[in-house]
Amino acid sequence: MATDQTTAVPAARGARSAPDAPRRLSPRRWWREIGWRHVVALAALVFAIFPILYILSSSLNPSGSLIGSNRLFGTLALDNYVDLFSDPVHPYAKWFVNTLVIAGVTAIGTVFLGSCAAYAFSRFRFRGRRGGLLSLLLIQMFPQLLAYVAIFLLMVMLRDLFPAIGLGSRLGLILVYLGGALGVNTYLMYGFFNTVPRELDEAAKLDGASHAQTFFTIILRLVAPILAVVGLLSFVGTFSDFLIASIVLVDPDKQTLAVGLYQYVSQRFSEYWGVFAAGAVLAAVPVILLFQFLQRYIVSGLTAGSVKG
């Protein structure tokens with residue numbers, strides 16, 4: 001009798017601890033709680049992918065007209081890509097190299113200058129520190145369109161005094177980009193630098209390290225995510241900029257991709273649509289590769305830099 005009771009108790013306990021079977025939702029409740037999310041996600045996916053597919057199909061369509069590109073991937077050929085590099089009037093290869101050089105130098109310079117300024121604001125205490133941080137924040141409230149006329153006049157005057165950085169020079173355009181992006185990038189890096197414990201600086205100082213050694217050997221390695229984010233944003237913004245590049249660069253051989261590709265569609269839009277699409281597809285390749293290479297730093301860099309300031 002006792003044996004039967006002892007064997008019955010574990011069986012009852014095992015029945016109670018068994019997980020309940022998943023309850024199936026009714027079709028109406030499933031649509032109200034889960035189903036509509038799939039529809040919204042699918043609509044957003046189609047909305048994002050369709051322009052990419054359309055421009056890729058247009059680049060592979062040898063007709064070159066806008067009307068003939070309405071049927072996706074109806075005709076496949078590389079004629080537009082051949083015409084893109086064989087056109088003597090529109091030097092696409094030079095535009096591509098100019099854009100890579102300008103965007104690359106601007107991204108590296110922005111990361112270096114912004115990190116130095118952010119380290120100074122984060123670690124040092126000096127007169128005007130709070131005013132400088134507030135000024136960096138207030139300057140970003142004014143739209144960049146207000147500065148275009150001033151930039152043009154300044155570049156014209158610099159051309160007479162220092163032709164190397166004046167109107168029509170790539171170095172002058174790089175300096176304009178560096179000055180325009182320094183404020184917001186410094187403030188973004190400043191928030192990330194504050195998340196690094198100051199005890200690391202004190203330990204390095206006790207070991208005999210200078211501020212420069214601490215900055216380049218310790219701090220920069222710890223803030224690599226925000227450096228990657230700032231470099232990526234600077235590269236993408238410079239790579240796709242049109243207004244400032246069209247104002248500063250007046251020589252056709254020194255123009256960037258955004259300004260050069262505009263020439264294909266500014267006058268004879270339908271005739272050069274296929275060549276324009278081919279140039280746009282190739283122009284997106286460096287940005288995609290850089291984005292994929294730095295993707296692991298993006299989330300951590302943006303979130304950590306925006307939490308603590």
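Residues numbered from 1 in each chain as written. Predicted model: local features only at pLDDT ≥ 70, side-chain atom pairs only at ≥ 80, totals over all residues. Heavy atoms only, no water.

## Digging into the overall build of the protein chain
Moving on, step 1. A count of helices and strands for the protein chain gives 14 helices and 0 strands.
Moving on, step 2. Mapped from its N terminus to its C terminus, the protein chain presents α and β elements in the order α-α-α-α-α-α-α-α-α-α-α-α-α-α.
Moving on, step 3. Taking all 309 residues of the protein chain together, 35% fall into the buried category.
Moving on, step 4. Expressed as a percentage of contacts within the protein chain between residues at least 6 apart in sequence, the contacts between residues at least 24 apart total 71%.
Moving on, step 5. For the protein chain, the accessible area works out to roughly 19100 Å², and carbon and sulfur atoms hold 69% of it. (Helix = DSSP H or I, 4+ residues; strand = E, 2+ residues; numbered from the N terminus. Buried < 20%, exposed > 50% of the residue type's maximum accessible area, 1.4 Å probe, protein only. Contact = heavy atoms within 4.5 Å. Areas by Shrake-Rupley, 256 points an atom, 1.4 Å probe, with all protein chains shown as cover.)

## Comments concerning the packing of aromatic side chains
Moving on, step 1. Scanning the entire structure with this criterion turns up 14 aromatic pairs.
Moving on, step 2. Plain terms: the ring middles of Phe85 and Tyr92 are 5.4 Å apart, the flat faces sit at 85° to each other, and that makes the pair edge-to-face.
Moving on, step 3. Between Tyr119 and Phe124, the ring centres sit 5.7 Å apart and the planes meet at 80°, which makes this aromatic pair edge-to-face.
Moving on, step 4. Pairwise contacts between aromatic rings join Tyr119, Phe124, Phe193, Phe215 and Phe216 into one cluster. (Phe/Tyr/Trp six-rings, centres within 6.5 Å; stacked < 30°, edge-to-face > 60°.)

## Brief notes about the UniProt feature "transmembrane region" (unreviewed entry) in the protein chain
Moving on, step 1. When the UniProt feature table is mapped onto this chain, "transmembrane region" (unreviewed entry) is found at residues 34–56, 95–121, 133–158, 170–193, 214–236 and 272–294.
Moving on, step 2. Secondary structure across residues 95–121 divides into 100% helix and 0% strand, with the first and last C-alpha atoms of the span separated by 38 Å.
Moving on, step 3. As annotated, residues 272–294 has a helix share of 91% and a strand share of 0%, and its two end C-alpha atoms lie 34 Å apart. (UniProt positions renumbered as here; feature names shortened; annotations may be inferred.)

## Focus on the packing of helix H2 (residues 27–59) against helix H13 (residues 273–293)
Moving on, step 1. Running from N to C, H2 and H13 point in directions that differ by 120°, and their axes come no closer than 7 Å. The angle between H2 and H13 falls in the class oblique. Note that H2 runs across H13; the crossing there is left-handed. Each of Tyr54, Ile55, Leu56, Ser58 and Ser59 in H2 lies in contact with H13, whose residues at this interface are Trp273, Gly274, Ala277, Ala278 and Val281. (Axes fitted to C-alpha atoms, helices over the stretch in contact; angles between N-to-C directions. Parallel < 35°, antiparallel > 145°, perpendicular 65-115°, else oblique. Left-handed = near helix turned anticlockwise from the far one by under 90°.)

## Concerning helix H7 (residues 170–193)
Moving on, step 1. An ideal rise of 1.5 Å per residue puts 34 Å on 24 residues; H7 measures up with 32 Å between its terminal C-alpha atoms.
Moving on, step 2. Of all the bends in H7, the greatest measures close to 45° and is centred on Leu182.
Moving on, step 3. A side-chain oxygen of the first residue of H7 lies 3.2 Å from the backbone nitrogen of Gly172; this N-cap is Ser169. (Expected span 1.5 Å × (residues − 1). Bend = angle between axes of the 7 residues up to and from the residue. Polar contact = N/O pair within 3.5 Å; in protein donor to acceptor, adjacent residues only side chain to side chain.)

## Digging into H13
Moving on, step 1. With 21 residues, H13 should reach 30 Å at 1.5 Å per residue; the first-to-last C-alpha distance of 31 Å fits that figure.
Moving on, step 2. The complete set of buried residues in H13 reads Trp273, Gly274, Val275, Phe276, Ala277, Ala278, Gly279, Val281, Ala283 and Pro286.
Moving on, step 3. On its buried side, H13 packs onto H2, helix H3 (79–86), helix H4 (92–123), helix H10 (224–239) and helix H12 (257–266).

## Describing the pattern of salt bridges
Moving on, step 1. By the definition in use, this model includes 1 salt bridge.
Moving on, step 2. Salt-bridge contacts for Arg123 lead to Asp201; the nearest nitrogen and oxygen are separated by 2.9 Å. Highlighted residues: Arg123 in helix H4 and Asp201 in helix H8 (residues 198–206), separated in sequence by 78 residues.
Moving on, step 3. The buried category is assigned to Arg123, whose relative accessible area is 11%.
Moving on, step 4. Judged by relative accessible area, which is 13%, Asp201 ranks as buried. (Salt bridge = Lys/Arg side-chain N within 4 Å of Asp/Glu carboxyl O.)

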